[in-house]
Amino acid sequence: MTKLARRGLWTPSMAGGLLLGLGLLVAAILAPVLLAEPAEQLTDAAGQPPSAEHWLGTDNLGRDNLARALVATRLTLLMTAGATAIAVVGGIVVGVGVWLSGPRVRKVGLRLLETAVAYPSLIFALVIAAILRPGVVSSVVAIGVAGIPSFARLTANLAAKISTTDYVTTARLLGVSPRAVALRHVLPNMAEPLLILATTVFSLSLVELSALSFIGLGVQSPDYDFGLLLNESLTQIYTQPTSVLGPSVMIVLTGVAVMLLGDALAARANPRQGRRAVRNPAGPPVVEIPDGDTALVRVEDLRVRVPGGAELVKGVSLTIEPGEVVGLVGESGSGKSLTAMSVAGLPPAELEVRADVLRVDDLNMLGHPDRGRLGREISIIYQDPGTTFNPSLRMGVQLTEVLRTHLGVGRGRANKLIADALAQVNISEPERRLRQHPHKLSGGMRQRGMIATTLVTTPKLIVADEPTTALDVTVQHEVLRQFRRIHREQGAAMLFISHDLGVVQELCDRILVMRHGEIVEQLTPGQLREGDVHHPYTQALMDAVLVVDTSPVRQEFS
Amino acid sequence: MSISQSPHPVPRTALRDSPWLRFGLQRLTGLLVSFVLLVTVTFVIIPLIPGDPAAAIAGPEASGAEIARIRGELGLDQPLHVQFFDYVGGLLTLDLGTSFASGQDVSAMILARLPFTGQLALFAILLTLIVSVPVGMLVAVLTHGGRRPWLDHVFNAVTSLVYSVPQYVMATLLVSVFAVGFRIFPAAGAETLLSLVLPTLALMLLPICVVSRVVRRETTVVLDQDYIRTARGWRIGRVRMFGRYVLPNVITTTLTLSGLILASQLGGAVVIETVFAWPGLGQGIVDAFLARDYPVIRGTILVLGLLATLIIIVVDVILAIVDPRTVEADHD
Amino acid sequence: MTNKVRALGVAAAVTVGLSACTTGGAGGTGTIQTAINAAPTTFSPWTAETRDDYDVSRLLFDTLVRRGADNKIVPALATSWESTPTEASFTIRDGATCADGTPITAEVVQNSLHAMATAEGSVFRKIVFGPGRPTISADNAAKTVTVELAQPWQDLVQGMSLVATGIVCPAGLENPEGLRRGSVKGAFSGPYVLSASSHGVSYTFALRKGFTGWPDYGDTASRGKPAQTVQVDVMPNGSSRANALLTGGMDIGTISTQDMTRFDGDEGYTAQRLPSSSLFVLFNEREGTVFADEEVRRAVVQTLSRKSFNSAATAGLGDLATTFSHDAVPCASTDSSVLIEQDVEAAKPVLRGKTIRILGLEVIGPQGAGNTYIAEALRAAGATVEIDNVDVATWSTTGTGEPDAWDLTVFAGINAGGTMYGALSPVVGPPTEAGGANWSGTEHKDVLAMVDEAMREPDDRTRCGIYQRVQETLIEGAHVMPLSYLPAQLTTRSGFSVQVHNDQVDVATMQIDGEG
């Protein structure tokens, strides 16, 4: 159990789902063996109310309602599973097929699927069941086939998403045939989301199978599933409600079991699951700065840890003087980003953050400082410009956010200011760019846009978390130029995070090397340039730089 | 979509510069294609249903000779292709034909039911959105990052429970309590505005569970997006954060799903229609099936198909306004 | 009935007294809310097919007579009549008009009846006039219409009480298509006109000013007035109807589900359970089938219990049947000693190893529970049973068109004509494959001869004696097994009333009580 709990598996959803599911399985296996007689033998005790002998009464043929509900579990589960299997397998085949075919066919196929999905599937099922003549098999086929389009569409969407991932692209570039790509790369990676979707299809099939019974096209006696039992008893819903109880409760239990299992699976598949937010003790919003402390940023003994787990930042201390550019280098996982985000006051919610001092100017980043001041005084520039802007909002809205929210600038003036700033960072047609959505701009443009905001908001501190990493080398160069320029023109202090020694050496006044959550070395650009490093880790980082040193841009820097 | 293929050449025409025009043309073509498919498929498939319309009309006490006469009267003795061209010819003049069972005009029959169906489905979907979007977002925010795990479990349990209760039983419970018990709302029929309350409620419950779950999931995904982190960095207020940054991105999936639900409720609300004696299209098509009234079945399926396609288009347009990437996505 | 039967001119003329008919002379009041099961398939009386069609036509078209208590014929549009087995002549009421003001003359009636007698697609033509084509003549001056039959047919006068012989005014005869759709206002001769309709959804009927042709059921004191408006909604679900009645959303309604019992002991409602159709086992007796053998049929009858079937099909609310036509049909047998007694042990050796294919009609009990009972009982007795519960359309198609596909069915005889001849049609006469309506495949010439005899017989008691022999022949020979009478409960909210005679509801007599 503890093992499961640690993996985030043993949640109440999982427990509840498994318990109910097991109960139903037991009923499905045992009830038809043990309860066949009270469930199927005709007796003279017809239409009886609940009694000690018949807990839910008897039906109009003198059969025990409870026994029938339990015995029906087997057929219901089998049928629902069958319909689900048809929908899932058919859906995968069609979905992957559509995705594998040429662009034209794919487009038409997707459009058709979309229309088919929008079509009331019950009517599909109605036609199919009617043609095949009602019964177990035709119900299963009808509901299964009716479920194919939506599953196919979901599969196609998933396939499209996965096909743009790196390994699939690589496989394609390597000339692997589409079919092999599908079988070896796409399908295995869809397994988990598809499994979760399958639980949804299962619960939906359950609902639709009973709806089919309701129209009279479901299972026919002598077979009986929950749907048939429910519909046989519907005419008695007002006169003998207990007869409806059995099948209703069984349907609910089955549905709940499957949905809870689905929830549990989805939770497991979500990598962020299992993390718990922590409530960090809040300090006062501002701190007093002792006399003689000239630093803009002071961090003393910063510790960031997973509650009850590993320490990710182990007692980091640093200062940044006003106007100083401090570089923080280290490989991923070294704790440099956590340190920077802690300084910016935006650490991940599930981590515990402690420090003796953590301030930016007099803002206590361990407390809840004034939002306006935070917005005005600290700017943050992120790593991947492709995802840092909201795709559904125009650039103008987003770039002027701080101006309008915290500096009280009106919309028109804010746009004007930001347009000027964009022009300054060499973005052509700035007014038009502001009206565009983020995806219309290149990565470099977006990053320069972000930098441009700091031109107008004039923050005291810029926290830049690997701002050039996701960019093409040529673009990197241009973006860095803009950073140098802000610094030159505004004199803002900067905490610049990178794993690229070349970049920081060019930009920074001071360089801190981090490894395993600790600062292992502090260097000046000069020391770095001359290779005057002491820690073997720094040495290793420098060696790594040499590998890419052959690129033309790199030469320009060195 | 794939990187290895070069983007297919786009002709240098005006179309290229107007993604909206292109978008519109594409949807229109889609509409036409699905229309043609629907017409053909329903025409071929419906007669495969066992049961002779003529026998259904004549009834069990009719003679064999009488049934044969009715078959002739309905034109069912004609070769299938002749029937098909008659049917398509009618469609071209916007004539859905006359009912086998009653001789009434099919389009009039559908039009009689459409307002009831539309009313119910629209109300239900609007209220579903009004309820599910805030609830789903709230739960997502409150439980984000592993906070309040109990709420997570309660939400999952309650929504799956309500989702699983058979619609008929749920609807009957509503009628028993609010109509027969307390006499607050009418139990059946569609006479007054009050009549709309219970069927709408009954029709909403299931979608509310589905949609609020989706909204919750989507909100959680959005909250983990980089652009939310960016917006946090700008230290904007909660209201603006959720209104401007989270909601529009959540609404994409939600609207698509709602469109599908709306489309499915137009013809698929049979159970609710039955319990509340609501004269909707679902009941109409089931009746038509029982009577093997081919023209009515075909007409209704066709109208439902067109409505479904229209709904998709409307949703697409809304989405394109909310998130313009979808328009250009067609270029790729 | 292809036998040639010559008319026998000798018979006692029956005269029924003049009608005073003052019922509902004053104008109407208020609205009555009621419901039908499904959209009417036609507004033309002579092709009326479903119970809903009958109800709607009753409001729209007047008939010459009505059938009152104890099968007594009472006046409606005709004030008096005379009849022999081969002829009947009716005197038309003075001052009766069509909805468009056209006076209803003898000629108008003649034309309407002629159209009905020659209409294609009326199952009632034979029930009313017999197999041959009648000659209908009118005397406008004397206001009499005379029907001369091609053969003796005692059911003629009763036939004139059926909705199917409702008088269609000239405007309707001129426009048969409009008549069918209910769009010709001038076609109506009854108390109401169809004033608004949303097909399949609801229908509004407005009372005609100055309508006088109300049926005169005799001493039933009428306290109320006809409604100014009758609002009819399509409401297929029994529970919904019951809910509507219980919450005041409906005033008069028929319920045939178990919801009937929800009104038990409720003083705010008058509830009358009426047999709506008779359920009986019908065998496919064609050559080479399992039930061509009387012994096997008898074994099936011995296996089944009417009581258990009734419990399954009607939740025990129906009455056990003693014949295949229901109680209200003149000359129906009520003698349960005619029935073959249940004896499962005797049946077992016969049924063992026999394969029986049941063609089940899914409306016999919830999800065809009645058929399920039969299947289970036969299975328990050792037979191999295949059962197919299907909807009405497939059932009719298979029963009338695929004699090779089934062995046994539970027939639901609606017998809207309410005559013994009507009840016999699925069991005797030419089989369906020969263009007839007989599902069983055995023509039963002996029975047909007896029916001919009955049709010639003017004396009620003697005639019923003949019909009793007919029923005994079929029941004792295990050709049919009477099971139960499917009940339908006419439920009326206090403050409203409707007349029921001879187990038949006359919706044209729906009224709102006095003070209102």
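Conventions used here
Residues numbered from 1 in each chain as written. Chains lettered and ligands numbered in written order. Predicted model: local features only at pLDDT ≥ 70, side-chain atom pairs only at ≥ 80, totals over all residues. Heavy atoms only, no water. Helix = DSSP H or I, 4+ residues; strand = E, 2+ residues; numbered from the N terminus. Rg over C-alpha atoms; globule rule 2.2 N^0.38 Å. Buried < 20%, exposed > 50% of the residue type's maximum accessible area, 1.4 Å probe, protein only. Contact = heavy atoms within 4.5 Å. Areas by Shrake-Rupley, 256 points an atom, 1.4 Å probe, with all protein chains shown as cover. Salt bridge = Lys/Arg side-chain N within 4 Å of Asp/Glu carboxyl O. Phe/Tyr/Trp six-rings, centres within 6.5 Å; stacked < 30°, edge-to-face > 60°. Lys NZ or Arg CZ within 6 Å of the ring centre and 35° of its normal. Axes fitted to C-alpha atoms, helices over the stretch in contact; angles between N-to-C directions. Left-handed = near helix turned anticlockwise from the far one by under 90°. Nonpolar A, V, L, I, M, F, W, Y, C, P; charged D, E, K, R; others polar. Buried area = accessible area lost by both parts, 1.4 Å probe. Parallel < 35°, antiparallel > 145°, perpendicular 65-115°, else oblique. Polar contact = N/O pair within 3.5 Å; in protein donor to acceptor, adjacent residues only side chain to side chain. Pairing = 2+ DSSP bridges. pLDDT = per-residue confidence, 0-100.

With that out of the way, let us pick up the overall build of chain C. Each helix and strand in chain C was counted, giving 15 helices and 19 strands. Expected size for 516 residues packed as a compact globule is a radius of gyration near 24 Å; at 23 Å, chain C falls within 12% of this value. Dimensions of chain C, computed from the C-alpha atoms along their principal axes, are close to 70 × 55 × 40 Å. The 516 residues of chain C split such that 63% are buried. In chain C, once contacts between residues fewer than 6 apart in sequence are set aside, the share between residues at least 24 apart is 71%. With the model as given, the accessible surface of chain C reaches about 17800 Å², and the carbon-plus-sulfur share is 47%.

This structure, assessed with the given rule, holds 45 salt bridges over all chains. The residue Arg69 of chain B makes a salt bridge to Glu73 of chain B at a minimum N-O spacing of 2.7 Å. Taken together, the positions of Arg69 of chain B and Glu73 of chain B, both in helix H4 (residues 64–74) and four residues apart, correspond to about one turn of that helix. A relative accessible area of 54% places Glu73 of chain B in the exposed class. Residue Arg357 of chain C pairs with Asp407 of chain C through a salt bridge whose shortest N-O separation is 3.0 Å. Of the two residues, Arg357 of chain C is situated in strand S14 (residues 355–361) and Asp407 of chain C in the loop between helix H12 (392–401) and strand S16 (408–413); the sequence distance between them amounts to 50 residues.

On to the packing of aromatic side chains. Each pair of aromatic rings is reported with the distance of its centres and the angle of its planes. This model, assessed by the stated rule, comprises 21 aromatic pairs over all chains. When the ring of Trp395 of chain C is compared with that of Phe411 of chain C, the centres are 5.3 Å apart and the planes differ by 50°; the resulting orientation is tilted. Of this pair, Trp395 of chain C sits in helix H12 while Phe411 of chain C sits in strand S16, and the two are 16 residues apart along the sequence. Trp395 of chain C sits in the buried class, given a relative accessible area of 1%. Following the ring pairs from residue to residue traces out a cluster consisting of Phe280, Phe324, Trp395, Trp406, Phe411 and Trp439 of chain C. Across from the ring centre of Tyr224 of chain A, 4.1 Å away, lies the NZ or CZ of Arg68 of chain A, which sits over that ring.

Here we come to the packing of helix H2 (residues 12–34) of chain A against helix H4 (residues 65–100) of chain A. Residue and element names in this part refer to chain A. Look at H2 against H4: their axes get within 7 Å of each other, and the N-to-C directions meet at 115°. In this structure, H2 crosses over H4, and the sense of that crossing is left-handed. Residues Leu24, Leu25, Ala27, Ala28, Ile29, Ala31, Pro32 and Val33 of H2 pack against Leu70, Val71, Thr73, Arg74 and Leu77 of H4. Split into classes, the residues belonging to the contact of H2 with H4 amount to 11 nonpolar, one polar and one charged.

Here we take up the interface of chain B and chain C. With 46 residues of chain B at the interface, the matching set in chain C holds 44 residues. Taken together, the two surfaces of chain B and chain C that pack against each other cover about 3300 Å², and 53% of this comes from carbon and sulfur. On inspection of chain B and its partner chain C, the count reaches two salt bridges. Sorting the residues of the side of chain B that touches chain C by element identifies helix H3 (53–58), H4, helix H6 (106–143), helix H8 (167–181), helix H12 (270–275) and helix H13 (281–291) of chain B as the ones contributing at least two each. Counting residues per element, the side of chain B that touches chain C draws most heavily on H4 of chain B, which supplies five residues. Residues belonging to the side of chain B that touches chain C are distributed by class as follows: 26 nonpolar, 11 polar and nine charged.

Residues and elements named next belong to chain A. Close contact between H4 and helix H10 (residues 226–233) brings their axes to 8 Å; oriented N to C, the two are set at 140°. As far as their axial angle goes, H10 and H4 are oblique. Residues Arg68, Ala69, Ala72, Thr73 and Thr76 of H4 pack against Phe226, Leu229 and Glu232 of H10. The residue inventory of the contact of H4 with H10, partitioned by class, reads four nonpolar, two polar and two charged.

On the side of chain B, 77 residues touch chain A, which itself brings 78 residues to the contact. Both faces considered, chain A and chain B share a buried interface measuring about 6900 Å² in area, 66% of it formed by carbon and sulfur atoms. The largest per-residue losses of area from chain A upon contact with chain B belong to Arg111, Tyr119 and Phe214 of chain A, which jointly make up 8% of the total buried on that side. Summed over the shared surface of chain A and chain B, the result is two salt bridges. Between Arg213 of chain B and Asp263 of chain A there is a salt bridge whose closest N-O contact spans 2.8 Å. Linking chain A with chain B are 15 residue pairs in polar contact (both at pLDDT 80 or more), by the criterion used here. Class assignment of the residues belonging to the side of chain A that touches chain B gives a composition of 43 nonpolar, 20 polar and 15 charged.

Residue and element names in this part refer to chain C. For strand S12 (residues 269–283), a buried count of 11 out of 15 residues is recorded, marking the element as mostly surrounded by other parts of the structure. Summarising the sheet, S12 and strand S17 (residues 480–493) pair through 13 bridges and their orientation is antiparallel. Across the sheet, Thr270 pairs through a bridge with Thr492, a residue of S17. Judged from the six bridges that link them, S12 and S16 form a sheet pairing that is antiparallel. Of the residues in S16, the one forming a bridge with Ser278 is Gly413.

As a further point, take the confidence of the model for chain A. Residues and elements named next belong to chain A. Here chain A averages 84 in pLDDT, and 93% of its residues register 70 or above. Across residues 1–6, confidence stays below pLDDT 50; counting only partners more than four residues off in sequence or on other chains, it has four contacts. This model gives residues 547–558 a pLDDT under 50, and the stretch forms 15 contacts once residues within four places in sequence are excluded.

Bringing the sheet that holds strand S6 (residues 135–139) of chain C into the picture now. Residues and elements named next belong to chain C. Taken in spatial order, the four strands make up an open sheet running S4-S5-S7-S6, and their pairing is antiparallel. Of all the strands in the sheet, the pair left with one neighbour each is strand S4 (78–84) and S6. Neighbour to neighbour, the strand axes of the sheet diverge by 15° on average, direction disregarded. Of the pairings in the sheet, the one linking S6 to strand S7 (residues 144–148) comprises five bridges and is antiparallel in character. Bridge pairing links Ile136 to Val147 in S7. Relative to S6, helix H2 (residues 106–118) is tilted by about 170°, and along the sheet it contacts strand S5 (87–92), S6 and S7.

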